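So you can see what is in the structure, the chains are spelled out below.
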Amino acid sequence: MEVVVVPTKKDGSEIVGGAIADLLTRNPAAVLGLATGSTPLGVYDDLVRRHNDDGLSFAQAKGFALDEYVGLPAGHPESYRAVIQREIAERVNFAPGSVHGPDGWAADIPAACTEYEEAINAAGGIDLQILGVGTDGHIGFNEPISSLASLTRIKTLTEQTREDNARFFDDDLSQVPTHVLTQGVGTILRARHLVLLAWGENKAEAIRATVEGPVTSMIPSTALQLHQHATIVVDEAAASLLSDREHYKWTYENKPAWQGI
Ligand code: F6R
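Residues numbered from 1 in each chain as written. Predicted model: local features only at pLDDT ≥ 70, side-chain atom pairs only at ≥ 80, totals over all residues. Heavy atoms only, no water.

Trainee: Could you clarify how one ought to interpret the sheet that holds strand β7 (residues 153-156) in this entry?
Mentor: Picture the strands of a sheet paired through backbone hydrogen bonds; they go either parallel or antiparallel. With respect to topology, 3 strands assemble into an open sheet ordered β4-β8-β7, the strand pairing being antiparallel. Since the sheet does not close on itself, it has two edges, and those belong to β4 (67-70) and β7, each with one partner. Ignoring which end each strand starts from, the neighbouring axes of this sheet average 30° apart. The pairing of β4 with strand β8 (residues 179-182) spans 4 bridges and is antiparallel. The residue of β8 that forms the bridge with Y69 is V180. (Pairing = 2+ DSSP bridges. Helix = DSSP H or I, 4+ residues; strand = E, 2+ residues; numbered from the N terminus. Axes fitted to C-alpha atoms, helices over the stretch in contact; angles between N-to-C directions.)

Trainee: Quick question: what am I supposed to make of the site of the ligand here?
Mentor: Residues in close proximity to the ligand total 15 residues, the closest being T36, T39, D67, H138 and G140. A distance of 2.9 Å separates an oxygen atom of the ligand from a polar backbone atom of S38. Within the side chain of D67, an N or O atom sits 2.7 Å from an oxygen atom of the ligand. Here the residues of the shell around the ligand are counted per class, giving 4 nonpolar, 8 polar and 3 charged. (Near = heavy atom within 4 Å. Polar contact = N/O pair within 3.5 Å; in protein donor to acceptor, adjacent residues only side chain to side chain. Nonpolar A, V, L, I, M, F, W, Y, C, P; charged D, E, K, R; others polar.)

Trainee: Quick question: what am I supposed to make of helix α2 (residues 41-54) here?
Mentor: The α-helix winds at 3.6 residues per turn, so residues separated by three or four positions along the chain end up facing the same way. Along its 14 residues, α2 runs 19 Å from first to last C-alpha, staying within 8% of the 20 Å computed at 1.5 Å per residue. Turning to α2, its buried residues are V43, Y44, D46, L47, V48, R50 and H51. Looking at the buried positions of α2, the neighbouring elements they touch are α1 (9-26), β2 (31-34), α3 (80-87), β6 (128-131) and β9 (193-198). At the C-terminal side of α2, G55 shows a positive phi close to 75°. (Expected span 1.5 Å × (residues − 1). Buried < 20%, exposed > 50% of the residue type's maximum accessible area, 1.4 Å probe, protein only. Contact = heavy atoms within 4.5 Å.)

Written out as structure tokens, the structure is:
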């Protein structure tokens, strides 16, 4: 695991945008794992800038969202399908139909989850998965005690996560769905590169546990310790509870330039 501590979320977003640009240059048909929520928005802005200014192309790339609410009306602006379209897919040149998400409206939910896993596998697997982290340590919507081997399935949100996400629903908890479809922890661990981002003090405890705590399904983000190529990009506030913070900074500042993140 590598921990990159940056002064601001803009710095971190540019580093991750740069890593995605490098990936697309090496492999224009790369498969990107796309997160929603507030955390990755700066990365999406950075990618849009690289698309507009530098000609970074997504024409052959594919995208897979991490998760989706169950129970929202089709086309709801806070459905993750709508968010992914609005924040990234429509702003760059993904080919029509190349950005996918779990089908939270399916009549047969287990079948839709199986199909989603099959679609990821058929695309050759995810090359780089962007992740945020919940204050309770969820990745995707894998809440505490999610199996570390889990695949895409339905999950129930914790009260904490529903409260955290009420800001997207007029601060009205009653509008926040209780159920979601999410890639499993096992699905996420199959991606070739995991890049987890976190900004601000309210993520500091989750980041401490993710990086320096024991692996436990009580804090699903700790599963990143089992991955061969996991990068944690955090601002100073999110890094504030890391006991070895200075070592992580030194390591990043002194790594060989060719290595990237
Ligand atoms: C979103 C997702 C979640 C969020 C997490 C943090 O697709 O999978 O794990 O990354 O809830 O949300 P924000 O970024 O809004 O703090």
